[in-house]
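# Working through the structure, step by step
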Amino acid sequence: MSNINISHKTKKKRTFNIVDFFIVVAILVLVAILIYAFSPWSQLKKLWALDEVTIDYTIVIREVDKADAAKIKKDDDVTDSVTKNPLGTVTSIDDIKNSTELTYIEDENGDIHGVLSEKSDKYDITVHITAVANYEEGVGYTVNGCRIAVGEELYLRFPQYVHSGFCTALDPNS
């Protein structure tokens with residue numbers, strides 16, 4: 001006969017300890033923070049809001065026909081010709097001057113020289129625009145979703161004229 005050892009295994013009860021307590025508290029705090037962050041009365045939304053400022057920016061529109069130069073006027077509303085979103089209001093127009101063209105000429109010695117010549121039928125126009133913009137760290141200034149930055153090309157629509165131009169200056173007037 002063989003000895004059979006039959007042991008009765010009892011279920012071990014796990015006791016609630018201090019580590020379990022801190023885990024439960026941490027989960028409850030996390031849930032409370034999430035509920036507060038996304039609730040309508042949350043003050044965190046004010047911290048996340050973009051800073052809104054008034055900016056003045058300068059656009060240079062190159063190679064405009066003489067007849068079209070007069071179509072851009074002070075107090076004209078400017079929109080993005082792609083998205084149709086407003087980009088501000090023309091505050092002033094200055095420096096209407098002949099467009100220039102740089103051509104390179106090789107002389108008899110093989111040296112290359114740049115020659116700057118004026119185009120008598122084309123003009124460069126400097127337009128100053130004022131707009132309310134949002135500022136976001138890492139993005140910069142945006143007006144209705146259109147980024148405004150020095151060097152940025154903008155596609156502009158005036159009431160009587162459409163053309164692209166480059167931002168050459170930006171002045172935030174907070």
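Our structure is the block above this text.
What counts, and at which threshold
Residues numbered from 1 in each chain as written. Predicted model: local features only at pLDDT ≥ 70, side-chain atom pairs only at ≥ 80, totals over all residues. Heavy atoms only, no water. Buried < 20%, exposed > 50% of the residue type's maximum accessible area, 1.4 Å probe, protein only. Helix = DSSP H or I, 4+ residues; strand = E, 2+ residues; numbered from the N terminus. Pairing = 2+ DSSP bridges. Disulfide = S-S within 2.5 Å. Core = buried A, V, L, I, M, F, W, Y, C linked by side-chain atoms within 4.5 Å.

With that out of the way, let us pick up the pairing of strand 7 (residues 153-157). Of the two faces of strand 7, the one lined by Leu154 and Leu156 is fully buried and the one lined by Glu153, Tyr155 and Arg157 carries no buried residue. In this structure, strand 2 (residues 77-80) lies alongside strand 7, joined through 2 bridges in antiparallel fashion. Across the sheet, residue Asp80 finds its bridge partner in strand 7, namely Leu156. Both strand 7 and strand 8 (residues 162-173) contribute to a ladder of 5 bridges, which runs antiparallel. Counted as the bridge partner of Leu156 is His163 from strand 8.

Enumeration according to the criterion identifies 0 disulfides in this entry. This cysteine, Cys146, is not joined by any disulfide, and Cys167 carries the nearest cysteine sulfur, 10.0 Å off. For Cys167, a relative accessible area of 2% puts it in the buried group.

In this structure, Tyr57 and Phe158 are the most contacted members of the largest nonpolar core, which totals 25 residues. For this core, the secondary-structure elements that each account for two or more residues are strand 1 (51-65), strand 3 (86-106), strand 4 (112-136), strand 5 (140-143), strand 6 (146-148) and strand 7. Broken down by element, this core gets its largest block of residues, 6 residues, from strand 1.

The quantities given are spatial measurements derived from coordinates; they are silent on function.
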